[in-house]
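As a plain string of letters, each chain reads:
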Amino acid sequence: MRMISSAMWATLFTFPLLGVSSAPAHAQQQELLDRMDRRIEGAREELIAVRRDLHRHPEVSGQEERTASVVAARLQSLGLEIQTGVGGHGVVGILRGGRPGPVVAFRADMDAVYSGAPDPVPFASETPGVRHICGHDIHTTVALGIAEAMTAIRDELPGAVKFILIGSVEGLALPGLDRFTATFQGEGDFEGAARGFLRTVGKLSTSSDPDAPPEDFVLVMTANPQPNADSAWVVTGAVRAGSRAARTRTRLAMEEAVAGLRPTGIQAELDYREFDVVPDMVNDPELVRSTLETIRAVVGPDGLLEINQVTP
């Protein structure tokens, strides 16, 4: 889990009551940011543990009873005023600063979704058929981290704190998820072939390469090879790609890896289904542009980030 640095806090939070026109005021602002950093860094391991706990125990919308109790307990431990049962299992925590001013809000989703897709992490979901594949376990933990950091400056908390940033994306906003199943059987070491295929497809991911351009983004998620009822070994997984070309390259590379095993006597088959898990999320460009003026009127010109032209 990535913590928020001082530079990022400065982007998310503005302190208009402190001002930045004088050196003493700027120094005071930096001191507050540093205190927030220290507080959240001190809670790093606890927050990571919370996120992994939420990931292990996902709950779909309308059933987030356990998740809500975890959130409420964490906020209550920070001394916030707590409201539970909001709109179902919603939780509201109120942090009152020591200085007067308006109320602002930070919102996070808590629900997971029904999914049988693989969950290749050591803290995998323990609820069959339900997973956090949209990142709401992280969203919830980030909200708890913000509450943690803001608590560190509660007494000096200015009345006007701004931390609303809206992203605008035209066209492709989130690539869909493909599903694949590779089956290995016949003569020879087909268990070893399945594990070799797993290593090969793992190298197709570019998600950890900071220099990879967005259109070359590929994330391959796999489960460990398992034998099935027919004594074959099976590798299942999902693929998210940043473009049609990247998706095609990934599928062809998998097909090539499978085809390379057939001359050895191993019967290897690949079933690759595009968008079988989740389709692409595509925003209508005209509709997006029609909302921009209203969004700027609500959050101000600096509160809207247009990310239509993504550069590597």
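See the structure above.
This is a predicted model, so every value here is computed, not measured. (Residues numbered from 1 in each chain as written. Predicted model: local features only at pLDDT ≥ 70, side-chain atom pairs only at ≥ 80, totals over all residues. Heavy atoms only, no water.)

Caption draft 1: Spatial organisation of unusual backbone geometry. Positive phi, normally seen in glycine, also occurs at S231, with a value near 65°. For S231, the location among the structural elements is in the loop between β9 (226-227) and β10 (233-241). For S231, a relative accessible area of 52% puts it in the exposed group. The phi dihedral of F275 is positive, around 55°, even though this residue is not glycine. Position of F275 relative to the elements: it lies in strand β11 (residues 266-278). With relative accessibility at 27%, the residue F275 sits in the partly exposed group. (Helix = DSSP H or I, 4+ residues; strand = E, 2+ residues; numbered from the N terminus. Buried < 20%, exposed > 50% of the residue type's maximum accessible area, 1.4 Å probe, protein only.)

Caption draft 2: Molecular detail of the packing of aromatic side chains. Scanning the entire structure with this criterion turns up two aromatic pairs. Geometrically, the ring pair formed by F180 and F197 is edge-to-face, given 6.4 Å between the ring centres and 75° between the ring planes. Linking F180 in strand β7 (residues 177-186) with F197 in helix α6 (residues 190-202), this pair joins segments that are 17 residues apart in sequence. Judged by relative accessible area, which is 0%, F180 ranks as buried. The exposure class assigned to F197 is buried, which follows from its relative accessible area of 2%. Seen in terms of ring centroids, F184 and F197 are 5.5 Å apart; in terms of plane orientation they differ by 55°. Their pairing is tilted. Residue F184 is located in strand β7, and its partner F197 is located in helix α6; the two are separated by 13 residues in the primary sequence. There is no split in this pair, since F184 and F197 are both buried. Among the aromatic residues, those joined into a ring-pair cluster are F180, F184 and F197. (Phe/Tyr/Trp six-rings, centres within 6.5 Å; stacked < 30°, edge-to-face > 60°.)

Caption draft 3: Region of the structure containing α6. The terminal C-alpha atoms of α6, which comprises 13 residues, lie 18 Å apart, in line with the 18 Å expected from a rise of 1.5 Å per residue. Within α6, the full set of buried residues consists of F190, A193, A194, G196, F197, L198 and V201. Looking at the packing, one finds that the buried side of α6 touches β7, β8 (218-222), β10, α7 (244-259) and β11. (Expected span 1.5 Å × (residues − 1). Contact = heavy atoms within 4.5 Å.)

Caption draft 4: Just the pairing of β7, in detail. As paired elements, β7 and β11 share nine bridges and run antiparallel to each other. Looking at the pairing, T181 lines up with D271 of β11. Relative to β10, β7 runs antiparallel, the two being bridged by seven bridges. Paired with F184 across the two strands is W233, which belongs to β10. (Pairing = 2+ DSSP bridges.)

Caption draft 5: Seen up close, the pattern of salt bridges. With the rule as written, the count across this model stands at 18 salt bridges. Put simply, R66 and D53 hold a salt bridge, and the shortest N to O gap is 2.9 Å. Of this pair, R66 sits in helix α4 (residues 65-77) while D53 sits in helix α3 (residues 44-56), and the two are 13 residues apart along the sequence. Residue class for R66 comes out partly exposed when judged on its relative accessible area of 30%. Among the salt bridges present, the one from R131 reaches D119, with a minimum N-O distance of 3.2 Å. Linking R131 in strand β4 (residues 130-131) with D119 in the loop between β3 (113-114) and β4, this pair joins segments that are twelve residues apart in sequence. Given the relative accessible area of 8%, R131 is considered buried. For D119, a relative accessible area of 15% corresponds to the buried category. Shared partners join several salt bridges into a network, and the residues in it are R39, E46, R74 and E148. (Salt bridge = Lys/Arg side-chain N within 4 Å of Asp/Glu carboxyl O.)

Caption draft 6: Looking closely at the nonpolar core. Counting 22 residues, the largest nonpolar core has F180, F184, F197, V220, V235, V239 and M254 as the members making the most contacts within it. If you list the elements that add at least two residues to this core, you get β7, α6, β8, β10, α7 and β11. Considering every element that reaches this core, the biggest residue donor is α6, with six residues. Non-local contacts of F197, meaning those with residues more than four positions away in its chain, are made with F180, A182, F184, V235, M254, A257, V258 and L270. Listed in part, the 13 residues of the second largest apolar core include V50, L80, L144 and A147. (Core = buried A, V, L, I, M, F, W, Y, C linked by side-chain atoms within 4.5 Å.)

Caption draft 7: Structural context of the environment of M36. Take M36: it is sitting in helix α2 (residues 23-42). Since its relative accessible area comes to 0%, M36 is described here as buried. Separated by 115 residues in the primary sequence, M36 and T151 place their C-alpha atoms 8.2 Å from one another.

Caption draft 8: The arrangement of the environment of L261 in detail. Within the fold, L261 resides in the loop between α7 and β11. A relative accessible area of 19% places L261 in the buried class. Once you skip the residues sitting within four places of it in the chain, L261 turns out to touch F184, A193, I266 and A268.

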